[in-house]
Amino acid sequence: MPLYKTNSLKIYNSLSGEKETFVPIHEGNIGMYVCGPTVYSNVHLGNVRTFMSFDMIFRYLLHLGYKVRYVRNITDVGHIVDDVDEGEDKIAKKARLEQLEPMEVVQRYTVDFHEILSEFNFLPPSIEPTATGHIIEQIEIVKKIIATGIGYEANGSVYFDVVKFNETNHYGKLSGRNIEDMLANTRDLDGQSDKRNPQDFALWKKAEPQHIMRWPSPWSDGFPGWHLECTAMSTKYLGNHFDIHGGGMDLKFPHHECEIAQNEACTGQTPVNYWMHANMLTLNGKKMAKSTGNNILPREIITGGSEFLSKAFSPSVARFFMMQAHYRSILDFSDDAIVAAEKGYNRLMEAMQNLKEIAPKNSSTIDIPTWKKECYAAMNDDFNTPILIAQLFEGVRFVNLLKDNSASLTADDLDDFTKIMQAFVFDVLGLEDTKTSNDSNAKLEGVIEMLIAMRNDARANKDFAMSDHIRDQLIALGIQLKDGKDGTTFTL
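Residues numbered from 1 in each chain as written. Predicted model: local features only at pLDDT ≥ 70, side-chain atom pairs only at ≥ 80, totals over all residues. Heavy atoms only, no water.

**Some thoughts on the packing of helix H2 (residues 90-98) against helix H3 (residues 102-119)**
Working step 1: Between H2 and H3, whose axes approach to 8 Å, the crossing angle comes to 105°. One way to sum up the angle between H2 and H3 is to call them roughly perpendicular. Counting all contacts with H2, which are made through Ile 91, Lys 94, Ala 95 and Glu 98, the residues of H3 involved are Pro 102, Val 105, Val 106, Arg 108 and Tyr 109.
Working step 2: Per-class residue counts for the contact of H2 with H3 are 6 nonpolar, no polar and 3 charged. (Axes fitted to C-alpha atoms, helices over the stretch in contact; angles between N-to-C directions. Helix = DSSP H or I, 4+ residues; strand = E, 2+ residues; numbered from the N terminus. Parallel < 35°, antiparallel > 145°, perpendicular 65-115°, else oblique. Contact = heavy atoms within 4.5 Å. Nonpolar A, V, L, I, M, F, W, Y, C, P; charged D, E, K, R; others polar.)

Structure, rendered in structure tokens:
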């Protein structure tokens, strides 16, 4: 029987502002969409925290036995600088500044995004669609919204009339705003805008002559509005009504608010049952910003190449640090904080190694079933990873007692305890035992050095057949040897 049948999961729904019992639309199956990166620069650490939160959520849903279709998009067109409707596309601007084709920019930073997420042990999404790969779908949605009278064309661009939409729907329900206050706090249009109302947003923008990224449409050669792509891709792969939509807290308004409006105008129904938002990461108590220099890249954690760090840290230590805070809480990153996290991580990994050496006894003096329930209770309470980690350190205490023969477990209880520790540490939190990995690498390097020494002996004895055989066998395993004046080196 799948675990979801015996676990009642509660999720904080940004739409209601409350924790709600999670009930999927189709039993045993979940559709989850998360807004991905705009690939015009290297992914920053705050982005990584957001995507890591949803990676953890994805992992726990899989652990519970759900079949999850996880869709996370790549924004490669339409995201205007400063998140407004007028101005320059972020990717086109980067391409102009670096004298590259826009798709070169997209490729460079999409590769960087995937490499970073792989370093931090992310599971890949089920589908990773791109905005440029769904232009046709976006145009069709614009046509439908125009047909309802809520979309209108002006000088080749198409806008969404939020005032007209608000006559029958509620624009602002996700972010807790109302249209009257928004209009009252917005300057009147100066006559130079094509919009009917200041709060209207672009569904399609006519491209200026210098705009590189453009596609033909019934209204103009242009490009889709930023909010449109997620409506098109989420509904294409998950249907008009799906379970979970996630993203960073900064996307709640206007991006997700506009998504809801587009979906409701186009399909006549609310698109998502549970809206989830991950909170931001600060650095030394201040907002991360490239412009102020208060910024750190994920790779700088791994290399130690940042003025904010005293040394390098493994990706798993950084992951453990982030899992120590609830995904809806602001988390402050500092050197002191990650140094402390490393100590906790090392204690946890040491316990996981020691657990392998524990032998079962005839009786149990530790209440494993109750501890196990507490682990699940933490995660079932809106994915509360800090409480889960507290329970895992209770597990570390159990390991130390067992190791010292101050406590005992029967074979069945020991097996259950081991499986739960491994499941939550590695499968759900996504941690890796880097010490084991480093030890394995050291052993491999030792074996290679031994083979190099054997090859050198063979060459000294003019046994070139054996020398060549060792070299060829290593090459076949992907290990390249390089003979130089200072001896033979190798690359893996």
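**As for the UniProt feature "short sequence motif: 'HIGH' region" (unreviewed entry) in the chain**
Working step 1: Feature annotation in UniProt places "short sequence motif: 'HIGH' region" (unreviewed entry) on residues 37-47, given in this structure's numbering.
Working step 2: Split by type, residues 37-47 is 27% helix and 0% strand. Its first and last C-alpha atoms lie 8 Å apart. (UniProt positions renumbered as here; feature names shortened; annotations may be inferred.)

**Things to note about the sheet that holds strand E8 (residues 222-224)**
Working step 1: Spatially, the 4 strands line up as an open sheet ordered E5-E6-E7-E8, and their pairing is antiparallel. The outermost strands of the open sheet, each flanked by one partner alone, are strand E5 (151-154) and E8. Neighbouring strand axes in the sheet, compared pairwise and without regard to direction, differ in orientation by 20° on average.
Working step 2: When E5 meets strand E6 (residues 157-160), the two strands line up antiparallel, connected through 4 bridges. Bridge pairing in E6 places Tyr 152 opposite Tyr 159.
Working step 3: Running at roughly 120° to strand E7 (residues 201-206), helix H4 (residues 135-147) makes contact with E5, E6, E7 and E8 of the sheet. (Pairing = 2+ DSSP bridges.)

**Some points on the sheet that holds strand E10 (residues 272-278)**
Working step 1: An order of E4-E3-E9-E10 is seen for the 4 strands of this open sheet, with the pairing classed as parallel. At either margin of the open sheet sits one strand with a lone partner, and together these are strand E4 (67-72) and E10. The mean angle between the axes of side-by-side strands here comes to 20°, regardless of whether they run parallel or antiparallel.
Working step 2: Two elements, strand E9 (residues 242-248) and E10, share 6 bridges in a ladder whose sense is parallel.

**What to know about the packing of helix H7 (residues 226-238) against helix H8 (residues 252-267)**
Between two packed helices, the angle of one axis relative to the other and the distance separating the axes together describe the packing.
Working step 1: Viewed as axis vectors pointing N to C, H7 and H8 meet at an angle of 55°, and their least axial separation amounts to 9 Å. In terms of orientation, H7 and H8 fall into the oblique class. Crossing of H7 against H8: the hand is right-handed. Between H7 and H8, the contacting residues are Trp 226, His 227, Leu 228, Cys 230, Thr 231 and Thr 235 on the first element and Pro 254, His 255, Cys 258, Glu 259, Gln 262 and Asn 263 on the second.
Working step 2: When grouped by side-chain class, the residues that make up the contact of H7 with H8 number 5 nonpolar, 6 polar and 1 charged. (Left-handed = near helix turned anticlockwise from the far one by under 90°.)

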